[in-house]
Amino acid sequence: MQEPIHSKTMITDPAAAWRERDLSVLWHPCTQMREHGLSGDRALPLVPIERGDGAWLIGRDGRRYLDAVSSWWTNLFGHAEPRIAAAIAAQAGQLEQVILAGFSHAPAVELAERLLAIAPREQRVDGSWRAPLAKVFYADNGSAGVEVALKMAFHWFHNRGEHERRKFVALENGYHGETLGALAVGDVPLYRRVYAPLLLECLFTPSPDAYLAAPGESPAQCAERAADALRDLLEAHAGEICALILEPRVQCAGGMRMHDPLYLRRARELCDAHGVFLIADEIAVGFGRTGTLFACEQAPAAADGTCAGIQPDLMCLSKGLTGGFLPLAAVLATQAIYDGFLDDSRERAFLHSHSYTGNPLACAAGLASLDILQGDDAIARNRDTAACMAALAAPLAGHRHVADLRQAGMIVAFELTRGGDKRTPFEPGRRVGLRAYRAALERGVVLRPLGDIVYWMPPYCIDEAQLALLAEATRAAIDEATA
Ligand SMILES: *Cc1c(COP(=O)(O)O)cnc(C)c1O
């Protein structure tokens, strides 16, 4: 017996009704909205979510989805983490927001103190330390944090009368956000190309991406080759460059492309040799994603005996900064950079601001998140989780459509290709990544491939059973998408 389908039953499907309501008013980020209206192969489903619980997202229809992408790489310890939620609620009852120009509040100061205390340090061969990151400037999202770092670098040289230093160097295939300044130093064509006429000039240098290694070349040799190209670029433009910006260890939006951390050591040395600031964009990789608290720590020791780990002159943090609860960014700067703005003239000051700079609720979330990161020894626990991810991902490497399986701590990624090697990509028109996305979603797992690159970047609370489910759904999704 089949029930007659009349419009009433359609409208009472809560998820369908919600989709209609959403699409009548919302314009979603990073989305070709037309795809939500399509049916069949090219359709992009819209999933209404009601609540979160650990690594799970729970839909309005009660369906559960394992969040394998940490909700755009923001979430560290699971959704609706009660300790962070409680810290925000307590702060909201005390002070929700105050202008940070001329005023101060405890969450902003305490968070700055704690960030500076854990920031990367660099010890030289003679036992001395590089002058540490010493000041925190807040912004309210990652792109805005990048804008702050770029403007600070430029303005610092300007204040010194070095007006020719106004160019930035960035890595090919890097990503630093969507606002015009951040977009200008990014090199992901899909996001950049159409706006190129609006963007400030940027010099791009080859990425150390191990994926680009020539046949027979090791990741370290590939990094050396990219560093030599950086050296040549810095020499060719001596005196014109104010800063190099890079994503240490993993170029995330560029396809979770990973490089040998040797490149970070070389980049640090080259920036020092040329008097250029090094801006580390740790917005995605910070707070333990790649196995260490900050990715900069993974740079190897130098030939001259300098200890492992490099320290940038400016470091941008966001995404996981609040555990994934609220938008906030922090730019950490050295004392020397800060001092370059001290003057009787206001124009020599850094007059940048955002209305919500250093919002107390976001800072309180940041403090609670640091408590968990440090109190629960999350970095050490992540090592076990990362080993489990490696074991579960390993069998996928043998799949005939999987190429270049790679991992950095809590990030695992691979390419879907026709022949299972780098040189045989699927035709873009097949949209294999989108198919994999839909197939995984049907199995209750949120994968969100970058083109045809599938990755796992789960919240740190994910357990073994959930990881097994993730691996199982990933294999099934690949099979379905490549069939
Ligand atoms: C996400 C991201 C940004 C931009 O942060 P938003 O908060 O999305 O503006 C900048 N840099 C990197 C490396 C990122 O991954």
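Structural data are supplied above this passage.
Quick look at the structure, then. Throughout, residues of each chain are indexed from 1 in the direction in which the sequence is written. Restriction of local features to residues with pLDDT of at least 70 applies here, the model being predicted, together with a cutoff of 80 or more for giving and counting side-chain atom pairs; totals for whole chains, interfaces and linings are based on all residues. No hydrogens and no water enter the side-chain calculation; it runs on all heavy atoms of the structure.

## Topic: the pairing of strand β14 (residues 411-416)
We count it as follows: In this scheme, a residue with accessible area under 20% of its type's maximum is buried, one over 50% is exposed, and one in between is partly exposed, where area comes from a 1.4 Å probe on protein chains only. What counts as a helix is a DSSP run of H or I of at least four residues, what counts as a strand is a run of E of at least two, and both are numbered from the N terminus. Two strands are said to pair when DSSP picks up at least two bridges between them.
Judged by how many residues are buried, β14 sits mostly within the fold: six of six residues are covered. Across five bridges, the pairing between strand β13 (residues 402-408) and β14 is antiparallel. In the sheet register, valine 402 faces β14, and the bridge partner there is leucine 416. Hairpin connection, β13 to β14: the antiparallel pair is bridged by two residues, and glycine 409 has positive phi, about 60 degrees.

## Notes on the sheet that holds β14
The line we're drawing: Angles run from 0 to 180 degrees between N-to-C directions of axes, and those axes are lines fitted to C-alpha atoms, restricted for helices to the stretch in contact. Residues count as neighbours in contact if any of their non-hydrogen atoms are within 4.5 Å of one another.
Reading across from one edge, β13-β14-β16 is the order of the three strands in this open sheet, with antiparallel pairing throughout. The sheet is open, and its two edges are formed by β13 and β16 (453-456), each paired on a single side. Here the strands of the sheet are splayed against their neighbours by 15 degrees on average, with no regard to which way each runs. Along the sheet face, helix α14 (residues 378-393) touches β13, β14 and β16 and points at about 170 degrees away from the line of β13.

## Examining α14
Condition: Working rule for helices: expected span equals 1.5 Å times residues minus one. Arc, as used here, means the arc of the directions from the helix axis to the C-beta atoms.
Taking 1.5 Å of rise per residue, the 16 residues of α14 would be expected to cover 22 Å, and the 21 Å separating its terminal C-alpha atoms lies within 8% of that figure. All of the buried residues in α14 are Ala378, Ile379, Asn382, Thr385, Ala386, Cys388, Met389 and Ala393. For α14, the arc enclosing every buried residue in end-on projection is 160 degrees, short of the 170-degree limit, so these residues lie on one face. Exposed side of α14, more than 90 degrees from the buried face: Arg383, Asp384 and Ala391 are the residues found there.

## What to know about the pattern of salt bridges
Heads up, the condition is: Salt bridges are identified by distance alone: a Lys or Arg side-chain nitrogen within 4 Å of an Asp or Glu carboxyl oxygen.
For the structure on display, the rule yields 24 salt bridges. A salt bridge links arginine 268 to aspartate 313; the shortest N-O distance between them is 3.0 Å. One end of the pair, arginine 268, is in helix α11 (residues 262-274); the other, aspartate 313, is in the loop between β10 (277-281) and β11 (314-317), with 45 residues separating them in the sequence. Each member of the pair arginine 268 and aspartate 313 is classed as buried. Here glutamate 427 makes a salt bridge to arginine 418, at a shortest N to O gap of 3.6 Å. Taken together, the shared-partner salt bridges connect Glu122, Arg130, Arg265, Arg268, Asp272 and Asp313 into one network.

## Considerations on the state of the cysteines
Stated precisely, the cut-off is as follows: For the purposes of this analysis, a disulfide is any pair of cysteine sulfur atoms at a distance within 2.5 Å.
Under the defined criterion, the tally for this structure stands at zero disulfides. We note that cysteine 30 lacks a disulfide partner, and the nearest cysteine sulfur, in cysteine 252, lies 15 Å from it. Exposure remark for cysteine 30: the relative accessible area of 47% places this residue in the partly exposed category. Among the cysteines around cysteine 222, which has no disulfide bond, cysteine 252 carries the closest sulfur, lying 17 Å off.

## Side note on the site of the ligand
Definition in use: Here a residue is near a molecule or strand as soon as one of its heavy atoms is found within 4 Å of it. For accessible areas, the Shrake-Rupley method is used with a probe of radius 1.4 Å. Any residue's cover is judged against the shown protein chains and nothing else. All residues other than Ala, Val, Leu, Ile, Met, Phe, Trp, Tyr, Cys, Pro, Asp, Glu, Lys and Arg, Gly among them, are scored as polar; the first ten of these are nonpolar and the last four charged.
Taken together, Trp73, Asn141, Gly142, Ser143, Tyr175, His176, Gly177, Glu247, Asp281, Ile283, Ala284 and Lys319 make up the full set of residues adjacent to the ligand. Compared with its free state, where it exposes 380 Å², the ligand has 83% of that area covered by protein. Taken together, the residues of the shell around the ligand break down into four nonpolar, five polar and three charged.

## Some thoughts on the layout of surface pockets
Using the following cut-off: Definitions used throughout: a 1 Å grid over protein atoms alone; a cavity as a set of points that fits a 1.4 Å probe which cannot get out; a pocket as an open set with protein on both sides within 12 Å along at least five of seven lines; a lining residue as one with an atom within 4 Å of a point. Grid points are joined across faces, edges and corners, and a volume is the space filled by probe spheres set on the points.
Considered as a void within the structure, the second largest pocket measures approximately 810 Å³ in volume. Surrounding the second largest pocket, 29 residues form its lining, Leu100, Val136, Phe137, Tyr138 and Phe350 being those nearest its centre. Where the lining of the second largest pocket is concerned, the elements lending two or more residues are α6 (106-118), β4 (133-139), β12 (329-334) and α12 (335-339). Broken down by element, the residue count for the lining of the second largest pocket peaks at four residues, all from β4. Here the lining of the second largest pocket is built from residues that sort into 20 nonpolar, eight polar and one charged.

## Examining the pairing of strand β2 (residues 56-59)
Side chains Trp56 and Ile58 project from β2 onto one buried face, and the interleaved Leu57 and Gly59 project onto a second face that is buried too. The pairing of strand β1 (residues 49-53) with β2 spans four bridges and is antiparallel. Across the sheet, glycine 52 pairs through a bridge with leucine 57, a residue of β2. Two successive antiparallel strands, β1 and β2, enclose a turn made up of two residues, where glycine 54 displays a positive phi of approximately 60 degrees. Sheet topology note: the β2/strand β3 (residues 64-67) ladder contains three bridges and is antiparallel. Looking across to β3, one finds that leucine 57 is bridged to tyrosine 65.

## Observations concerning unusual backbone geometry
In the Ramachandran plot, cysteine 30 falls in the positive-phi region, its phi being about 50 degrees despite a non-glycine side chain. As for its position among the elements, cysteine 30 is in the loop between α2 (14-25) and α3 (34-37).

These results come straight from atomic positions and should not be treated as a statement about function.
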